[in-house]
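Next come the chains, spelled out residue by residue.
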Amino acid sequence: MLYALGVVFLAVGLLLSIALHEIGHMVPAKRFGVKVTQYMVGFGPTILSRKRGDTEYGLKAIPLGGYIRMIGMVPPRPDGGRSRWPRRLATAVEEFRSASRSEVVDPADEPRQFYRLTPGKKMIVMFGGPFMNFVIYLVLTLLLLTVVGVRHDDPTTTVDSVAQCVVPATSADANSSICSSTAKPAPANGVLKSGDVIEAIDGRKISSWDQAVSVIEGSAGRQLTITVLRNGIDQDVSLTPVENVKYANDQGTKTKVAGYIGVGTKIHSYYARESLTAVPREVADQFGRGLSALGQYPAKIANLWQTVFEGKQRDPQGAVGVVGIGRIGGDIAQSNQFDLRDKIFWLVSLLASLNLILFLFNLLPLLPLDGGHIAGAIVESLKRGRARLRIRSAARAGAASHAPPAEGDAEAPPTRSGEPIYVDTAQMLPVMYAVAAVLILVQALVLYADIVHPISLGG
């Protein structure tokens with residue numbers, strides 16, 4: 001039951017995020033006068049729909065995305081324009097153009113086409129979707145930090161476990177409870193016990209585990225006198241730290257050689273609410289981590305390929321799809337390691353992170369992503385600006401700036417010709433197909449891995 005609740009929470013949250021993403025496109029489009037014929041959440045067969053005004057609103061069977069349909073996304077073919085693609089691709093481009101423009105049948109709709117918007121308005125419409133994902137991320141993050149709080153896991157000075165032997169952190173036996181015949185006994189083994197509270201080392205009062213670590217790591221080969229509280233009585237015990245390879249950071253990417261005694265301490269876990277002033281710093285940190293994750297995505301797909309086709313172990317921090325996300329949500333919800341507050345924090349945090357990744361991913365300057373359309377609008381704006389500069393330069397030189405442009409002149413500025421300059425997005429059809437094909441293949445690979453080699457909670 002709890003597993004299902006976790007899956008449903010993330011599924012509904014993701015579906016609402018998609019719905020709001022499309023609203024982010026639709027609202028400014030309608031505000032700028034563009035005719036929006038469809039607003040759909042999902043793909044495939046339509047489950048239910050209702051038409052209000054010009055727009056059909058509906059829900060489709062496969063909740064893996066959504067879309068709005070605006071008329072005139074693709075401009076008409078320029079008079080005398082020639083395709084740069086080979087004949088077959090050029091034919092496909094024109095067939096795509098014809099199919100896309102089939103909705104523009106009413107002369108009254110001619111000025112309501114998307115391609116007729118100014119570049120600035122096009123950018124606002126296309127940025128509206130990712131912006132909604134960013135707003136969702138910000139709202140969820142704000143609630144997590146200021147209402148739920150941030151989880152802290154602070155080590156205490158109370159001994160929880162004592163290692164039997166010395167094993168380098170990088171060794172394959174680091175997580176094993178069995179010592180090899182060649183392993184040295186850990187200095188704390190038989191000296192310290194679970195429940196001991198470290199109060200002082202060589203007479204120096206210890207108030208935090210970090211203090212104790214600092215002394216121990218710098219005392220390899222030197223005997224230490226440790227004062228512990230055991231069964232309500234202070235006792236002094238002696239041991240000598242030995243050199244060992246330890247991790248130098250929390251990520252386990254750096255190592256160091258330092259003093260080691262072989263104890264694990266009890267962790268004090270709690271939630272602390274952050275102030276509003278701390279939110280921007282946390283958002284900036286998460287934004288940086290999101291960009292880093294996006295940059296590492298190709299490498300993660302390579303790891304996934306090795307998992308699926310070469311039988312290698314799947315990276316627990318690797319790429320994951322909708323099915324995998326649902327499974328992780330279910331694992332979190334039913335886990336006995338988390339209390340209710342933990343579960344709320346991790347589920348909401350996961351949904352917030354998904355919206356941040358959707359925001360960053362959709363802004364990649366590749367069609368058919370929103371960022372590709374934004375890039376096209378930027379190119380269009382630059383072309384218009386260059387055309388204006390050319391006419392102003394010609395006017396200063398005494399040229400006839402009001403002479404009509406030559407037929408088919410694609411560089412004519414919007415204020416001097418009957419038609420504005422626009423980028424012919426239909427000519428990018430082969431690129432769109434190539435990008436879409438790669439995305440479909442990647443999603444199929446991720447889906448297969450999520451089903452056959454799933455990532456479980458805790459790796």
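Placed above this text is the structure.
Quick summary incoming for the structure in this document. (Residues numbered from 1 in each chain as written. Predicted model: local features only at pLDDT ≥ 70, side-chain atom pairs only at ≥ 80, totals over all residues. Heavy atoms only, no water.)

**What about the overall build of the chain?**
Which entries qualify depends on this criterion: Secondary structure counts use DSSP, requiring at least four H or I residues in a row for a helix and at least two E residues in a row for a strand, with both numbered from the N terminus. Only C-alpha atoms enter the radius of gyration; for comparison, a globular chain is expected to reach 2.2 Å times N to the power 0.38, where N is the number of residues. Pairs of residues are marked as contacts when any of their non-hydrogen atoms sit within 4.5 Å.
Counting its secondary structure elements, the chain contains 10 helices and 10 strands. A globule of 459 residues ought to have a C-alpha radius of gyration of about 23 Å, yet the chain, at 31 Å, is considerably larger. Across its three principal axes, the chain shows a C-alpha extent of roughly 100 × 60 × 45 Å. Considering only intrachain contacts with a sequence separation of at least 6, the fraction spanning at least 24 residues in the chain is 66%.

**Comments concerning the side chain of Thr265**
Using the following cut-off: Accessibility here uses a 1.4 Å probe with only protein chains present; expressed as a share of the type maximum, an area under 20% marks a residue as buried, one over 50% as exposed, and anything in between as partly exposed. As used in this structure description, the phrase polar contact means that two N or O atoms lie within 3.5 Å; if the pair is within protein, one of them must be able to donate a hydrogen and the other to accept it, and residues adjacent in sequence are counted only when both atoms belong to side chains.
If you trace the backbone, Thr265 turns up in strand β10 (residues 263-272). Since its relative accessible area comes to 14%, Thr265 is described here as buried. A polar side-chain atom of Thr265 sits 3.5 Å from the main-chain carbonyl oxygen of Thr156. Discounting residues that sit within four places of it in the chain, Thr265 has contacts with Pro155, Thr156, Thr158, Val159, Asp160 and Trp209.

**Some words on the nonpolar core**
Here is the rule we go by: For this analysis, a nonpolar core means a set of buried residues of the types Ala, Val, Leu, Ile, Met, Phe, Trp, Tyr and Cys, connected via side-chain atoms within 4.5 Å.
Counting residues in each nonpolar core, the largest one holds 26 residues, and the members touching the most others are Tyr137, Leu140 and Leu356. Only α3 (119-148), α5 (279-295), α7 (322-334) and α8 (340-362) provide two or more residues apiece to this core. Top element by residues in this core is α8. It accounts for 9 residues. Leaving out residues up to four positions away in the same chain, Leu356 has contacts with Phe134, Tyr137, Gln286 and Phe287. Core analysis: the next-biggest nonpolar cluster, separate from the first, contains 17 residues, Ile206, Ile216, Leu224 and Val228 among them.

**Quick look at the state of the cysteines**
Note the following rule: Any two cysteine sulfur atoms within 2.5 Å of one another count as a disulfide.
Taken as a whole, this structure holds 1 disulfide when the rule is applied. Here Cys165 is linked by a disulfide to Cys179, with a sulfur-sulfur distance of 2.1 Å. Given an S-S torsion of about -95°, the disulfide between Cys165 and Cys179 has left-handed geometry. Within this pair, whereas Cys165 is found in the loop between β3 (150-162) and β4 (197-201), its partner Cys179 is found in the loop between β3 and β4, the two being separated by 14 residues in sequence.

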